[in-house]
Amino acid sequence: MSFINGPVFNRVIVPLSLVSSVCGGILLLRETKGGKKCPNTNRVDGKVVVITGANSGIGKETAKEVAKRGATVILGCRHMGKCEDAAVEIRRLSENKHVVCRFLNLADLNSVKEFAETIQKELPHIDVLVNNAGVLKPRPPKTTFKTDDGFERQFGVNHLGHFLLTNLLLEKLTNGEEPGRVINITSDAYKQGSIDLENIDKSDVEGEERLNQLYYQSKLANVLFTDSLNRRSKSEYNEKLVSNCIHPGIVDTNISQYSTVPFYVAPMYSLFKPFKLLTAMKTPLQGAQTSIHLATDPSLTHKSGWYYSDCESIAPTCDLCDGDLADQLWKKCEEWTDLAERRNKIKPKNQNNIATSDVKKISQKQTSS
């Protein structure tokens, strides 16, 4: 009997070959569906990049890549233990010790103010702000429906917290030789969104549909904010700021960690999850390519007010949203965040900036502690 017709070949070799072929095909499919890679490999030595929600997912991969390229990176996170673990990993993989953790809870506007105040004191300038952190359909008992300030959590974290943070850091983003870059992570779900400024909680909708609509609303707010920021840069900041937003695709992140799956969906969700991770979703690294591109490409220094996907500019934000609604939302957000009062509170009486080199010393102390 030949080996090919023997029991070992039929029972071991053939199944292993089949499994290997299937796995290889799945991995190839995932690579094919993963979108374009960042088209540049430019160094960003001396640049300062602030990233929210940077202890996992897209934020972590973005932080890792810009650190590899020489940037000083500030990780703004709520879970400091996870943030420190991520920072240790990023420093090791990037061989860059200039990665610093700072506490930031976007569901608490006072925390946002304190974070911005710390950054104002420590940094003379910020080159890039990546508004990355977000939540998806949060429910009790994992979290509360409202933020600490009483706003619906998806709107509060995905938009309002970032609105306040960006405005409080505008001085540092606009005082450099080149325009500061603001990168807002949104989603093509914005297309399904609507905003009623008199009913921001969407109290007229119930159940799962309400959670969906609230998420869509927060992503539309990201696009409106990008458009408003772009126009205000031209009128108020002498074009010293560029603002763009990104649809990263469907990415395997923990954005839904505070979401609970309805009991009647749980069995199907558990069965589908392995296939979803292998085929339908991008990896966090794949999802981060566009934010890396916008943070590092020198050809985009003055390109502002665009919606990006897969490292390509898709359309100007002014073509995607209502400019009047964007202005109305901005004014409402100024009221909801007490922007003028909080901005005045963090203005230092005596400017005592810490140079970037001193930020690097801080990161070195964290590494050795």
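Residues numbered from 1 in each chain as written. Predicted model: local features only at pLDDT ≥ 70, side-chain atom pairs only at ≥ 80, totals over all residues. Heavy atoms only, no water.

Some points on the nonpolar core
Let me state the cut-off plainly: We call a set of buried residues a nonpolar core when its members are Ala, Val, Leu, Ile, Met, Phe, Trp, Tyr or Cys and they connect through side-chain atoms within 4.5 Å of each other. Here the term buried applies to any residue with accessible area under 20% of the maximum for its type, exposed to any over 50%, and partly exposed to those in between, with areas from a 1.4 Å probe on protein chains only. Working definition: helices are DSSP H or I runs of at least four residues, strands are E runs of at least two. Numbering for both runs from the N terminus. By definition, residues are in contact when any of their heavy atoms lie within 4.5 Å.
Among the nonpolar cores identified, the biggest contains 51 residues, and Ile195, Leu329 and Trp336 are the most heavily contacted of them. Listing elements by their share of this core, those giving two or more residues are β1 (48-52), α4 (109-122), α5 (153-168), α6 (170-173), α7 (207-236), β6 (241-247), α11 (323-336) and α12 (339-346). A total of 7 residues in this core trace back to one element, the largest contributor, which is α5. Beyond its immediate stretch of four places on either side in the chain, Trp336 contacts Leu109, Phe151, Phe155, Leu160, Leu197, Ile200 and Leu329. If you look at the next biggest cluster of nonpolar residues, it comprises 25 residues, including Val44, Val49, Ala63 and Tyr308.

Digging into the confidence of the model for the chain
Condition: Values of pLDDT, the confidence the predictor places in each residue, fall between 0 and 100.
Mean pLDDT over the chain: 86, with 77% of residues reaching 70 or higher. Contacts for the low-pLDDT stretch residues 263-272, under 50 throughout, to residues beyond four places or in other chains number 3 contacts.

Some words on the packing of α5 against α12
Stated precisely, the cut-off is as follows: Helix axes are fitted to C-alpha atoms over the stretch in contact, other axes to C-alpha atoms as well, and angles between N-to-C directions run from 0 to 180 degrees. Roughly parallel covers angles under 35 degrees, roughly antiparallel covers those over 145, roughly perpendicular covers 65 to 115, and oblique covers all other angles. Crossing chirality is assigned from the near helix's rotation relative to the far helix, an anticlockwise turn below a right angle marking it left-handed and a clockwise turn marking it right-handed. Gly counts as polar in this scheme, as do all residues outside two lists: the nonpolar Ala, Val, Leu, Ile, Met, Phe, Trp, Tyr, Cys and Pro, and the charged Asp, Glu, Lys and Arg.
Direction vectors running N to C along α5 and α12 enclose 45°, while the axes themselves pass 10 Å from each other. The orientation of α5 relative to α12 falls into the category oblique. Where α5 crosses over α12, the handedness of that crossing is right-handed. On α12, the residues touching Phe163, Leu164, Asn167 and Leu168 of α5 are Leu339, Arg342, Arg343 and Ile346. Residue classes in the contact of α5 with α12 are distributed as 5 nonpolar, 1 polar and 2 charged.

Thoughts on the side chain of Arg342
Under the convention used in this document: Here Asp and Glu are counted as negative and Lys and Arg as positive; His is not counted, and neither are the chain ends. Within this document, salt bridges are pairs made up of a side-chain nitrogen of Lys or Arg and a carboxyl oxygen of Asp or Glu, the two lying within 4 Å of each other. Any N or O atom pair separated by 3.5 Å or less is treated as a polar contact, with the protein-specific requirement of one donor-capable and one acceptor-capable atom, and with residues adjacent in sequence counted only for side-chain atom pairs.
Note on placement: Arg342 falls in helix α12. Despite its burial, Arg342 pairs with no opposite charge, the nearest such side chain being Asp338 at 4.0 Å. Side-chain polar atoms of Arg342 contact the backbone oxygen of Thr337, separated by 2.5 Å. For Arg342, the contacting residues outside a window of four places in its chain are Leu109, Asn110, Lys113, Asp149, Leu164, Leu168 and Thr337.

Concerning the sheet that holds strand β5 (residues 180-185)
What counts here: When DSSP locates at least two bridges between a pair of strands, those strands are taken to pair.
Pairing in this open sheet of 8 strands is mixed, and the strands run β3-β2-β1-β4-β5-β6-β7-β8 from one edge to the other. Across the chains shown, the open sheet's two edge strands, defined by having one partner strand only, are β3 (99-103) and β8 (312-316). Ignoring strand direction, the axes of neighbouring strands in this sheet form an average angle of 25°. Strand direction decides the pairing type here: strand β2 (residues 72-77) and β3, joined by 5 bridges, are parallel. Its bridge partner being in β3, Gly76 is matched across the sheet by Arg102. α4 contacts β1, β2 and β3 of the sheet and is inclined by roughly 145° relative to β3. Most of the contacts of α7 go to β6, to which it runs at about 160°, and overall it touches β4 (128-131), β5 and β6.

Considerations on the packing of aromatic side chains
For the record, the criterion: What counts as a ring pair is set by centres within 6.5 Å for rings of Phe, Tyr and Trp (its six-membered ring), and what kind of pair is set by the plane angle: stacked under 30 degrees, edge-to-face over 60, tilted for all other angles. When the NZ atom of lysine or the CZ atom of arginine is within 6 Å of a ring's centre and also within 35 degrees of its normal, the charge is said to sit over that ring.
Per the stated rule, a full pass over the model turns up 6 aromatic pairs. Arranged with centres 5.0 Å apart and planes meeting at 80°, the rings of Phe163 and Trp330 form a pair that is edge-to-face. Of the two residues, Phe163 sits in helix α5 while Trp330 sits in helix α11, which places them 167 residues apart along the sequence. Considered together, Phe163 and Trp330 belong to a single accessibility category, that of buried residues. Aromatic rings pair up to connect Phe151, Phe155 and Trp336 into one cluster. Directly above the aromatic system of Trp306 lies the positively charged group of Lys303, at a separation of 4.6 Å from the ring centroid.

Here's the deal with the packing of helix α2 (residues 57-68) against helix α10 (residues 289-296)
Running from N to C, α2 and α10 cross one another at 40°; their axes reach a closest spacing of 9 Å. The angle between the axes of α2 and α10 places the two elements in the oblique class. Viewed along their axes, α2 and α10 form a crossing whose handedness is right-handed. Contacts between α2 and α10 involve Ile58, Glu61, Thr62, Glu65 and Val66 on the former and, on the latter, Ser291, Ile292, Ala295 and Thr296. In terms of residue class, the contact of α2 with α10 is made up of 4 nonpolar, 3 polar and 2 charged.

Some words on α12
Under the convention used in this document: Comment: arc refers to directions from the helix axis out to C-beta atoms.
Along α12, the residues classified as buried are Leu339, Arg342 and Ile346. Down the axis, α12 shows its buried residues gathered within 70° of arc, on one side only. Of the exposed residues in α12, those oriented more than 90 degrees away from the buried face are Ala340, Asn344 and Lys345. Of the surrounding secondary structure, the elements contacted by the buried residues of α12 are α4, α5 and α11.

Overview of the pairing of β8
Pairing of strand β7 (residues 306-309) with β8 involves 4 bridges; the strand directions are antiparallel. By the bridge assignment, Trp306 is partnered in β8 with Pro316. Between the end of β7 and the start of β8, which pair antiparallel, lie 2 residues, with Asp310 showing a positive phi angle near 50°.

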